[in-house]
Amino acid sequence: MSAEHARLVSALREVRSRTGLSLTALAERTTYSRSSWERYLNGKVFPPRQAVRELCRVADEPEGRLAALWEIAEAESSGRTSVQAPAVEEPRPHPAQPSPDTGYSCRRRRRRLMMALAAVYTVIVGSVALTLFLLSGRDTAGGEPLSSAAPYSIGPQCHGAACEGKDPLRLICGITPTTLITHRTTTGAHVEVRHSKKCGAGWVRVWGTRIGDRVEVTAGGPTHIARITTQDDTRTYVYTGMAAAGPGDTVRACFRPASPDAAPECVEARVGEP
């Protein structure tokens, strides 16, 4: 199993665990059997894209992140990321009388080589675009510029107090985080408190929202806020900046609906507790 396939499997397991469904219950709610889900979630078989979509539907999860992971993993598994140029033919001695097909053969070889190089370039550009989509997300952490080292590093770019208020995805803290608690509000929004052990910080993401809603996170320090301001925000998830939080610290999230008549809803979870 490739690194890209393993990353996809890890994300699928994370989303499935949030549903609280057994494999049998998951099969009942999708068009795929229990044995198929067992193979997909254990990395034995590469999942079809439709299975990823159905899992997101059952989990009420925006499918953008998993779709990007699937595209990257599928490109690698299908060999589209390892296009090879045609083998160079050994030069032949020039005949005494040039063949009339010699010029055509050279042009044909050059054309095949250019096509192969173009394919390689297309795959590279596509992979970079998908990776940036996966790691970018919405900049809700104060609009700080992306660190020049972030796209080329696989490790977190901050820890503890250095992460305060920063964007978790841009600083590589959003890879395989822990979900401390999930809450569905009376308005139908989903609120998740997330934590990265490697970064020593937590944040909140929310989806199923309405324009004017906002969510806050605090862990005993500054409060960081994410606001839903556009229709695009309501169709995906929006997340706050990070709040430094280590083992034993409490991360608190408050959802404040746009309606002035609706009361805020707050939940909290302690880092390190199940």
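Please read these numbers as outputs of a predicted model, since none were measured by experiment.

Asks: How do you make sense of the overall build of the chain when you look at a structure like this?
Replies: Helix and strand counts for the chain come out as seven helices and nine strands. Put simply, the chain has 274 residues, and 40% of those count as buried. Counting only carbon and sulfur atoms, one obtains 54% of the accessible surface of the chain, whose full area is about 15200 Å².

Asks: Just checking my understanding: could you explain the state of the cysteines for this structure?
Replies: Disulfides are covalent bonds that link the sulfur atoms of two cysteine residues. All told, the structure shown has three disulfides when counted by the stated rule. One disulfide in the model links Cys173 with Cys199; its S-S distance is 2.0 Å. When the S-S torsion is -90°, as for the bridge of Cys173 with Cys199, the disulfide is left-handed. With Cys173 in the loop between helix H6 (102-136) and strand S1 (178-184) and Cys199 in the loop between strand S2 (190-196) and strand S3 (201-207), this residue pair connects regions lying 26 residues apart in the sequence. We classify Cys199 as buried; its relative accessible area is 0%. Here the disulfide map of the chain reads 1-2, 3-4, 5-6, the bonded cysteines being numbered as they appear in the sequence.

Asks: Looking at this structure, I do not really get the pairing of strand S4 (residues 214-218). What am I missing?
Replies: A regular strand places its side chains on the two faces of the sheet in alternate fashion. Counting buried positions over the five residues of S4 gives four, a clear majority of the element. Where S4 meets strand S5 (residues 224-227), four bridges bridge the pair, whose relative direction is antiparallel. Considered in S5, the bridge of Val217 is made with His224. In this antiparallel pair of consecutive strands, S4 and S5, the connection spans five residues, and Gly220 shows a positive phi of 95°. Relative to strand S8 (residues 250-256), S4 is paired through five bridges, and the arrangement is antiparallel.

Asks: Which parts of the structure should I look at to understand the pairing of S1?
Replies: In this sheet, S2 lies alongside S1 in antiparallel orientation, the contact comprising six bridges. The residue of S2 that forms the bridge with Arg184 is His190.

Asks: Is there a simple way to explain the nonpolar core in this structure?
Replies: The nonpolar side chains of a soluble globular protein tend to be buried with one another. Leu8, Leu12, Trp37, Leu55 and Leu66 are the most contacted members of the largest nonpolar core, which has 22 residues in total. For this core, the elements supplying multiple residues, two or more each, are helix H1 (3-19), helix H2 (23-28), helix H3 (34-41), helix H4 (49-59) and helix H5 (64-77). When residues in this core are grouped by element, the largest group, five residues, is from H4. Those residues in contact with Leu8, other than ones at most four positions away along the chain, are Phe46, Pro47, Leu66, Leu69, Trp70 and Ala73. In this structure, Ala189, Val217, Ile228 and Val238 belong to the second largest nonpolar core, which totals 20 residues.

Asks: Explain H3 here, please?
Replies: Residues spaced three or four apart along an α-helix face the same direction, because each turn holds 3.6 residues. Buried within H3 are the following residues: Ser36, Trp37, Tyr40 and Leu41. Projection of H3 onto a plane perpendicular to its axis shows the buried side chains occupying an angular sector of 120°, all on one side. Turning to H3, the residues buried within the fold contact H1, H2 and H4. Within two residues after H3, Gly43 carries a phi angle of roughly 75°, on the positive side.

Here is what the cut-offs are and how they apply
- Residues numbered from 1 in each chain as written.
- Predicted model: local features only at pLDDT ≥ 70, side-chain atom pairs only at ≥ 80, totals over all residues.
- Heavy atoms only, no water.
- Helix = DSSP H or I, 4+ residues; strand = E, 2+ residues; numbered from the N terminus.
- Buried < 20%, exposed > 50% of the residue type's maximum accessible area, 1.4 Å probe, protein only.
- Areas by Shrake-Rupley, 256 points an atom, 1.4 Å probe, with all protein chains shown as cover.
- Disulfide = S-S within 2.5 Å.
- Pairing = 2+ DSSP bridges.
- Core = buried A, V, L, I, M, F, W, Y, C linked by side-chain atoms within 4.5 Å.
- Contact = heavy atoms within 4.5 Å.
- Arc of directions from axis to C-beta.

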